[in-house]
Amino acid sequence: MRLSVECFIACRIFSISTAKPFKPNDMYTFILLAIAIPYTAMGSCPNINKRAEWGAQPAKSTLKLKINPAPYVVVHHSETPPCTDAGACKNRVKNIQSYHMNTKGWQDIGYNFLIGGDGSIFEGRGWGIHGAHLPSFNQRSIGICLIGSFQNNVPSSIQISALRSLISCGTDLGKIDQNYRLIGHRQGGSTDCPGNKLQEILKTMPHFEPRPVCTCPKIVSRSEWKAKAPTEIIPLTIDPPPYVVVHHSATQNCTNLTSCLKMVKGIQDFHMDTNEWDDIGYQFLIGTEGTIFEGRGWGRKGAHVPKFNARSIGVCLIGNFQIMPPVQIQLDSLKALTDCGVQNGKIAENYTIIGHRQGSATLCPGDYLYEIVQNMSRYNPNPS
Ligand SMILES: [Zn+2]
Ligand SMILES: [Zn+2]
């Protein structure tokens with residue numbers, strides 16, 4: 001690891017010194033690199049300005065990462081002007097902390113680390129600490145903010161090499177998982193962060209995760225389908241729940257948003273008015289054209305199979321799959337929904353999937369759909 005950091009820096013010097021005639025800017029970069037090399041030669045970690053060194057306010061509270069070493073590295077930009085020397089970068093970090101704590105009311109600066117345009121690294125929350133930079137990843141990632149705005153501007157090469165050496169340092173110290181995945185903030189939330197130019201660079205870096213890791217599918221909310229209010233709300237007993245239970249509605253298909261919406265309302269009416277339940281029974285429903293509807297939603301106890309109601313997410317695919325198979329788009333939505341649940345801590349990471357008939361005497365979710373469920377990688381033949 002140490003070798004690769006040194007090699008990378010050496011390569012940068014080589015390319016800078018041979019690619020084009022020296023300009024003052026290059027000379028500046030060269031000098032900074034020459035300063036950086038002794039640090040990397042001494043150990044695998046670059047110099048990190050500790051909180052005391054940059055004059056951090058004490059954190060109001062700290063929480064440890066839930067998953068440590070962190071399996072993810074999330075990269076951000078500060079969306080501020082860049083900083084190019086030690087004094088300016090230190091001030092920028094202090095200002096970011098003050099914005100996060102005093103304006104946003106957070107417990108501390110949001111990021112685990114920050115990197116200035118001059119390649120200097122600042123300890124934010126530091127290693128092993130729960131951050132505040134990307135909700136679904138805060139408990140299982142190291143969040144690193146590159147100071148500057150990189151939607152149209154490219155970060156300096158020294159800033160990128162500092163990012164690389166900080167990540168290597170984290171893996172060497174056992175603070176970042178050896179098989180970590182690198183993502184930009186935008187892959188886990190609706191934001192431009194870390195900017196187009198920086199995101200392009202991340203794509204070329206080792207361990208970059210090309211898939212959008214936390215993009216949840218669109219879910220039609222209760223208010224959007226004008227659900228009736230529930231008569232009672234009970235949370236799940238085990239949350240995140242370890243089971244996903246698949247159902248079918250045993251009704252006709254619905255072929256467009258309007259007909260699916262009508263179908264969902266009809267199911268709620270039946271469950272509340274005829275069955276006298278608190279609400280529609282399922283946590284989610286999926287239309288025949290793939291649209292996902294919020295039923296009871298995440299975290300709420302359902303009414304779909306007594307033995308599992310308090311520890312599962314019940315998903316109903318609209319249609320009668322005793323007489324015909326579901327369409328692929330409906331199955332894709334089921335997968336996207338369960339992935340989204342896991343990524344957001346709403347379904348247990350090690351969840352298993354079952355069909356309704358495994359918990360009650362019923363044909364649900366129909367022979368065709370049950371056959372498919374049985375071939376899913378998470379299928380559990382012996383739920384208990
Ligand atoms: Zn960000
Ligand atoms: Zn069912």
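These numbers were taken from a predicted model, which means no experiment stands behind them. (Residues numbered from 1 in each chain as written. Chains lettered and ligands numbered in written order. Predicted model: local features only at pLDDT ≥ 70, side-chain atom pairs only at ≥ 80, totals over all residues.)

A. Seen up close, the nonpolar core. Formed by 41 residues in total, the largest nonpolar core has its most connected members in Val73, Leu114, Ile115 and Ile144. Of all the secondary-structure elements, those providing two or more residues to this core are strand S2 (70–77), helix H4 (86–103), strand S3 (113–115), strand S4 (121–123), strand S5 (141–146), helix H5 (157–172), strand S6 (176–184) and helix H6 (196–202). Considering each element in turn, this core owes the most residues, 7 residues, to H5. Setting aside residues up to four positions removed in sequence, isoleucine 144 forms contacts with Val73, Val75, His76, Tyr111, Asn112, Phe113, Ile115, Leu163 and Leu166. Within the second largest apolar cluster, 35 residues are counted, among which are Tyr243, Val244, Ile354 and Tyr370. (Core = buried A, V, L, I, M, F, W, Y, C linked by C-beta atoms within 7 Å. Buried ≥ 20, exposed ≤ 12 C-beta atoms within 10 Å, placed from the backbone. Helix = DSSP H or I, 4+ residues; strand = E, 2+ residues; numbered from the N terminus. Contact = placed C-beta atoms within 7 Å.)

B. Summary view of the sheet that holds S3. The strand order S1-S4-S3-S5-S2-S6 describes an open sheet built from 6 strands, whose pairing is mixed. The sheet terminates laterally at strand S1 (48–49) and S6, the two strands that pair on one side only. Relative to S5, S2 runs parallel, the two sharing 6 bridges. Bridged to valine 73 within S5 is isoleucine 142. (Pairing = 2+ DSSP bridges.)

C. Local environment of the sheet that holds strand S12 (residues 352–355). Overall, mixed pairing links the 6 strands, which are arranged S7-S10-S9-S11-S8-S12 in an open sheet. Whereas interior strands pair on both sides, the edge strands pair on one side only; in this sheet they are strand S7 (219–220) and S12. Bridge count between strand S9 (residues 284–286) and strand S11 (residues 312–317): 3 bridges; the pairing is parallel. Within S11, the residue paired with leucine 285 across the bridge is cysteine 316.

D. Local environment of helix H7 (residues 257–274). Taking 1.5 Å as the rise per residue, H7 with 18 residues should run 26 Å; its terminal C-alpha atoms sit 25 Å apart, in good agreement. For H7, every residue scored as buried is listed here: Cys260, Met263, Val264, Ile267 and Gln268. The buried side chains of H7 occupy one side of the element, clustering within an arc of 135 degrees when seen end-on. Summarising the geometry of H7, the exposed residues directed more than 90 degrees from the buried face are Thr258, Asp269, Asp273 and Thr274. On its buried side, H7 packs onto S9 and strand S10 (292–294). Glutamate 276 lies just past H7 and shows a positive phi near 60 degrees. (Expected span 1.5 Å × (residues − 1). Arc of directions from axis to C-beta.)

E. A look at the pairing of S5. With respect to burial, S5 is a largely interior element, 6 of its 6 residues being buried. Taking every second residue as pointing to the same face, both faces of S5 are buried, with Ser141, Gly143 and Cys145 on one and Ile142, Ile144 and Leu146 on the other. Strand direction decides the pairing type here: S3 and S5, joined by 3 bridges, are parallel. Bridge pairing in S5 links isoleucine 115 to leucine 146.

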